[in-house]
Amino acid sequence: MPSIYSFFRYIPFVVEGTLWTISLVLGGLVIGFFIGLSLALVQSFGGERLKKMLNIYIWFFRGTPLLVLLSLFYWAVFPSLGLELSPLETSIAVLGMRSGAYQSQIFKDSINSVDYGQILAARSIGMSNRKLISYIVLPQALRISIPAWSNEYAVILKDSAICFALGVMEILTRVRYVSTATGLALLPYLFAGVLFFILTFAGTGVMDFVYRRAKIPGMLEGLR
Amino acid sequence: MKVVIKAENVWKKYGSTIALRGASLELREGETKVIIGPSGAGKSTFLKCLNLLIRPDEGRICIDGEEITSLKADIIRLRQKIGFVFQEFNLFHHLTAVGNITIGLTKVKGMSKEDALEKAKRVLKMVHIGEDLWNKYPAQLSGGQKQRVAIARALAMDPLVMLYDEPTSALDPGLSSEVLLVIKDLSERGITSLVVTHEMGFAYEVADTIAIMNNGRIIEEGSPEEMEYMKTKEARNILNRWNGMKNGVLA
Ligand SMILES: Nc1ncnc2c1ncn2[C@@H]1O[C@H](COP(=O)(O)OP(=O)(O)OP(=O)(O)O)[C@@H](O)[C@H]1O
Ligand SMILES: [Mg+2]
């Protein structure tokens, strides 16, 4: 019977994994933000041909399991492009490209929820598409996106654990190592669960705060 | 008087619906023209064609002598010569009353923040929006206040002409009159105006000319006094129905 005390000295080692997990999540979210926003803008304002091509991108990243994407890009796609990316870099890139496909949907919905009348009004005072996107559409759409974006954070946080497959030193990878080293199972995995819970709770809490701060006065139901 | 808007033979189809069938119109500097006509006559479509919010399929529209329907036209610049007021106000939800006005001044006209703010205050006063409302968001304003801010937003761009598409039909009668009074006041100050409305009293009181629209065309027009002597039966029928609703909002 392995002693549970043997687990305690591994706690700092496991906790350090949160830094890796946070890197994966923030990296993925930020890359996904720019990809998702660009995709959404093209889908709302772009030409038909471009939309079709981007739909293929979205369909591919949403339809393929993350584990398959990670392996595909790490072993095949990036090397064949001559890119020598580390497991961490590959994971961030893949999480970002995949999150971009999901975030495009979020931004598309929130861009569409800015009513067309405001776009006509912006045109009527002489705004170009670029200006009305920057000053009228996005300031509203991004506010509306926050709750769904908070959800995307929670999703990508959990997905990041799959990056253990490439040996990224995130929480789960470390816990699996500790479990093997100590012969314990319940305690290390429970501990990992608690860490993920705290990260989810903290992250969505921050987003809630931002959402409340960004609320437009007088509007019911938050921002709509 | 100089012709500010000249529209000739404008056609517009939506799929199989023909909304405009050769609509023409001329608006002179300082003139206030009211367009009346039944629902579906194409009034909104026509107005939106005038500043190319909708591109007509056919026809020629000139603003201040420049053809906006030309493929080479600088639409962004020409649109600034036309103030547009929508039935549904269409204020920018995320900006205050002042912000709704300064955004166009700073981002389109390139004014400094301070100058834009001064100007915004000036036009808000013109539409009787007091200081207590300057920093309110659209959701915190009444319908009549929203529409007056929308008028101020258009006015602030110093347009040659103001277009109003049923500016009061989304408002309760009490709130309609506060908006109509502002439009009347602007018209009396000499601002060239084109107003689509169902408000009889307003039309007879404020319009220099009343144009009757039906089936995608302007069928006849004349001064309020000439309304009794319309030549076509089509126009007389529309007027009779319309006079039945006479309620004299400004009387
Ligand atoms: N976006 C659109 N798509 C399809 N049909 C449209 C569209 N907009 C208007 N129409 C049709 O074109 C015709 C003219 O519509 P328009 O809105 O210009 O009329 P209107 O005179 O402004 O009517 P109302 O007094 O009800 O506002 C109508 O038959 C209408 O159903
Ligand atoms: Mg209409």
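In short, a report on the structure.

## Here's the deal with the interface of chain B and chain A
At the junction of the two partners, chain B supplies 23 residues and chain A supplies 22 residues. Here chain B meets chain A over a buried area of about 2,000 Å², counting both sides, of which 70% is carbon and sulfur. The three residues of chain B that bury the most area against chain A are Phe92(B), His93(B) and His94(B), which together make up 29% of that side's buried surface. Linking chain B with chain A are zero salt bridges, by the criterion used here. Where chain B meets chain A, there are five residue pairs in polar contact (both at pLDDT 80 or more). Looking at the side of chain B that touches chain A, the elements with two or more residues in it are helix 2 (75–79), strand 6 (82–85) and helix 3 (97–107) of chain B. For the side of chain B that touches chain A, the element with the most residues is helix 3 of chain B, which contributes three residues. Residue composition of the side of chain B that touches chain A, grouped by class: 12 nonpolar, seven polar and four charged.

## Overview of the environment of Ser71(A)
Relative to the elements of secondary structure, Ser71(A) occurs in helix 4 (residues 66–80). For Ser71(A), a relative accessible area of 30% translates into the label partly exposed.

## Overview of the site of ligand 1
Residues and elements named next belong to chain B. As a matter of local geometry, ligand 1 sits amid Tyr 14, Thr 17, Ala 19, Pro 38, Ser 39, Gly 40, Ala 41, Gly 42, Lys 43, Ser 44, Thr 45 and Glu 166. Note that an oxygen atom of ligand 1 is positioned 3.0 Å from one of the backbone N or O atoms of Gly 42. Between ligand 1 and the protein, one listed contact pairs an oxygen atom with a side-chain N or O atom of Lys 43 at 2.8 Å. Elements with a contribution of two residues or more to the shell around ligand 1: strand 2 (17–28) and helix 1 (43–50). Class assignment of the residues belonging to the shell around ligand 1 gives a composition of four nonpolar, six polar and two charged.

Reading guide: rules and limits
Residues numbered from 1 in each chain as written. Chains lettered and ligands numbered in written order. Predicted model: local features only at pLDDT ≥ 70, side-chain atom pairs only at ≥ 80, totals over all residues. Heavy atoms only, no water. Contact = heavy atoms within 4.5 Å. Buried area = accessible area lost by both parts, 1.4 Å probe. Salt bridge = Lys/Arg side-chain N within 4 Å of Asp/Glu carboxyl O. Polar contact = N/O pair within 3.5 Å; in protein donor to acceptor, adjacent residues only side chain to side chain. Helix = DSSP H or I, 4+ residues; strand = E, 2+ residues; numbered from the N terminus. Nonpolar A, V, L, I, M, F, W, Y, C, P; charged D, E, K, R; others polar. Buried < 20%, exposed > 50% of the residue type's maximum accessible area, 1.4 Å probe, protein only. Near = heavy atom within 4 Å.

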